[in-house]
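# Observations on chain architecture
The lines below spell out each chain.
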Amino acid sequence: MDTYIFLQQYWWFLVSLLGALLVFLMFVQGGQTLIYSLGKTESERTLIINCLGHKWEFTFTTLVTFGGAFFASFPLFYSTSFGGAYWVWMAILLFFVLQAVSYEFRSKANNLLGKKTYEWFLILNGLFGTVLVGTAVGTFFTGSKFLVAHANIANLNGNMTISQWDGPAYGLEAVLNPINVALGLAVFFLARILGTLYIMNAVDNDRILSRSKKHLLYNAIPFLVFFLFFVVCVLLKDGFAVNDAGHVFMEPYKYLFNFLQMPVVAAIFLLGVVGVLWGIGYTLFSKSMYTKGIWFAGAGTVFAVLALLLNVGWNVTAYYPSISDLQSSLTIYNSSSSKFTLTVMSIVSLFIPFVLAYIVWMWRLINKKKLGLNDIQAESHIY
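Structure report, in brief. What you see is a predicted model, and the numbers here were worked out from it, not measured in a lab. (Residues numbered from 1 in each chain as written. Predicted model: local features only at pLDDT ≥ 70, side-chain atom pairs only at ≥ 80, totals over all residues. Heavy atoms only, no water.)

### A few points about the overall build of the protein
Helix and strand counts for the protein come out as 16 helices and four strands. For the protein, whose C-alpha radius of gyration is 22 Å, the value lies close to the compact-globule estimate of 21 Å for 383 residues. For the protein, the residues scored as buried account for 52% of the 383 residues in total. For the protein, the proportion of contacts with a sequence separation of at least 24, taken over those separated by at least 6, is 78%. As displayed, the protein has an accessible area near 17,700 Å², and 71% of this comes from carbon and sulfur atoms. A distance of 12 Å separates the average location of the 22 positive side-chain charges in the protein from that of its 16 negative side-chain charges. (Helix = DSSP H or I, 4+ residues; strand = E, 2+ residues; numbered from the N terminus. Rg over C-alpha atoms; globule rule 2.2 N^0.38 Å. Buried < 20%, exposed > 50% of the residue type's maximum accessible area, 1.4 Å probe, protein only. Contact = heavy atoms within 4.5 Å. Areas by Shrake-Rupley, 256 points an atom, 1.4 Å probe, with all protein chains shown as cover. Lys, Arg positive; Asp, Glu negative; His and termini not counted. Charge placed at Lys NZ, Arg CZ, Asp CG, Glu CD.)

### A look at the pattern of salt bridges
As enumerated under the stated definition, the model contains four salt bridges in all. Of the charged contacts in the structure, one is a salt bridge between Glu42 and Lys115, with a shortest N-O distance of 3.0 Å. Here Glu42 is found in helix H4 (residues 42-53), whereas its partner Lys115 is found in helix H8 (residues 115-142), with 73 residues between them in sequence. The exposure class assigned to Glu42 is partly exposed, which follows from its relative accessible area of 44%. A residue is classified by how much of its surface remains accessible, and Lys115, at 31% relative accessible area, is partly exposed. Across the salt bridge formed by Glu44 and Arg207, the nearest N and O atoms sit 2.9 Å from each other. A residue pair is termed long-range when its members are at least 10 positions apart, and Glu44 in helix H4 and Arg207 in helix H10 (residues 206-236) qualify at 163 residues. Under the relative-accessibility criterion, Arg207 is labelled partly exposed at 46%. (Salt bridge = Lys/Arg side-chain N within 4 Å of Asp/Glu carboxyl O.)

### Examining the packing of aromatic side chains
Scanning the entire structure with this criterion turns up 48 aromatic pairs. For the cation-ring pair, Lys55 lies above Trp363, with the distance from its terminal atom to the ring centre recorded as 4.7 Å. (Phe/Tyr/Trp six-rings, centres within 6.5 Å; stacked < 30°, edge-to-face > 60°. Lys NZ or Arg CZ within 6 Å of the ring centre and 35° of its normal.)

### Section: the environment of Ala297
Within the element layout of this structure, Ala297 appears in helix H13 (residues 293-313). When the C-alpha positions of Ala297 and Ile280 are compared, they lie 6.9 Å apart, and in sequence the two are 17 residues distant. In this structure Ala297 touches Leu194, Leu197, Gly275, Val276 and Gly279, once residues within four positions along its chain are discounted.

### Regarding helix H12 (residues 263-285)
Helix length check: H12, at 23 residues, gives a terminal C-alpha distance of 32 Å against a target of 33 Å (1.5 Å per residue), a fit within 8%. All of the buried residues along H12 are Val265, Ala266, Phe269, Gly272, Gly275, Val276, Gly279, Ile280, Gly281, Thr283 and Leu284. Those residues of H12 that are buried lie in contact with helix H9 (178-202), H10, helix H11 (254-261) and H13. (Expected span 1.5 Å × (residues − 1).)

### Points about helix H6 (residues 75-84)
Note: α-helices contain 3.6 residues per turn, so residues at a spacing of three or four share the same orientation. Leu76, Phe77, Thr80, Ser81 and Gly84 are the residues of H6 that are buried. All buried residues of H6 fall inside an arc of 105° around its axis, so they share one side. Looking at the buried positions of H6, the neighbouring elements they touch are helix H5 (56-73), helix H7 (86-105), H8, strand S1 (146-148) and strand S2 (163-165). (Arc of directions from axis to C-beta.)

### A look at unusual backbone geometry
Its identity is not glycine, yet Tyr170 carries a phi of approximately 50°, on the positive side. Relative to the helices and strands, Tyr170 is located in the loop between S2 and H9. Despite not being glycine, Val316 has its phi angle at roughly 45°, a positive value. Within the secondary structure, Val316 sits in the loop between H13 and helix H14 (339-348).

### Details of a nonpolar patch on the surface
Together, Met90, Leu93, Val97, Val101 and Phe105 make up an exposed nonpolar region whose accessible area comes to about 400 Å². Tracing the backbone shows Met90 in helix H7. (Patch = residues over 30% accessible without salt bridge, like charges linked within 9 Å, V, L, I, M, F, W, Y side chains within 5 Å.)

### A few points about the nonpolar core
In this structure, Trp12, Phe70, Phe74, Phe140, Phe230 and Tyr319 are the most contacted members of the largest nonpolar core, which totals 106 residues. Looking at this core element by element, the count peaks at 15 residues for H9. Aside from chain neighbours lying at most four places away, what touches Tyr319 is Trp12, Phe70, Phe74, Phe77, Phe140, Val312, Gly313, Leu330, Thr331, Ile332 and Ser335. (Core = buried A, V, L, I, M, F, W, Y, C linked by side-chain atoms within 4.5 Å.)

### Description of the side chain of Thr62
Along the polypeptide, Thr62 turns up in helix H5. By relative accessible area, which is 13% here, Thr62 ends up buried. Once residues within four sequence positions are removed from consideration, Thr62 is found in contact with Leu18, Leu21, Leu22 and Leu25.

By themselves these figures say nothing about function.
Shown next, in the form of C-alpha cells:
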C-alpha cells in the first residue's frame, strides 16, 4: 500500500476513534438531562451534578481534541463544514460553553442567576449538544449543500475561496432530513442511557438507584427505535462511492457493501451493538441492583460508533458528500493534509497510549469510592 494512502487511512481511524470516545463521554450530557428525573431534592440533585461534574472536563477536552485532530489531518473538511455550516457548529459551541459556565458558577455564593438557572443550562447542553452533534454526523451519510473549487487555491489575483455553502441555511437544513434527525435523537437517548448507567455505578444512594433503573427502560425504548431506523435507512440507501479516477457517483447499498467488504469493521459494529444491548439488558433484568452496565454499554458505544465512521470513510467512500455537486464531495484522499504533515503527526500520535493510560489512571482515582450525600457535605469544592 502507498505510504500516503496508509497515513490518510490511519488518521481517519484516529479521528474516528476520537469521535467514538466523544460519543461515549457524552454520558455527562445525558446525565445532565436527568437531574430532575433522578434527583427529587436539592441535595440529591447536587449529588448527581457533582458525580457528573468530576467527568465533564474529559468530554470537553475530547471534543477539542477531536476538532483539532480533524483540522490537522483533514483541513478541507474543517474549512468546508466549520466555515459553511457555521450555525450548527456555533450552536454546539454555545451549549458547551453554557455547560462550562454552569459547573463553575452553580454553587458559588451569591451567584447572579441562581442554582436553578445553571441547572437548566446543563439540561439544555445535554439536550441540544447531543442532538446537534448526532444530526451533524448524520450528514456524513446523507450529504450537505456545499461547493468546492480546488483550482481557486492557485488563483492569486482573484477568488481564493476553496469552498462555499450552497444555500441560506448554512447547515441548519440538516434537520429537514429524517435520517439525520434520527441519528441525533439516537445519540441523545444513548447519552441518557449511558448517563443513567454511570450514575448507578458512581453514586451511593438507594433512592437515586431505584429511579435510575426505571428511567433506563424509558430511554432504551426510543433509543432502539431511532437507532434501528437510522441503521436500516443507511444500509438500504444509495451511498457516495468513488471510482478509480476519483469521481464520485451514487452506488446502491454502498454502506451495506462497505460492511460486507470490510468484515472486521462489520464485526466491530456488531460487537458494539451487542455490548450496548448487554449493558442495558443485564442492568434491567438482573434480580440484584447491577451497577456495572456502564462498562459494557460504554465499550459497545465506542466500538459501534468507530465502525460507523470507518464505514463512511474507508473503502473509497466520500465521508462528507455534497448533494449540490457530487464532485465537490470530500474523501480522505482529496481533503487530507500533506504527506509530510501526516507523517510528523503520526510520530506524535505514538504518545497517545500514554495519554490514555493517564486518563484511565485518573478515572480510577476519581471513582475509587462511590459518592454519597455525606461526601458532598464534606467536600471543600462542590459544583
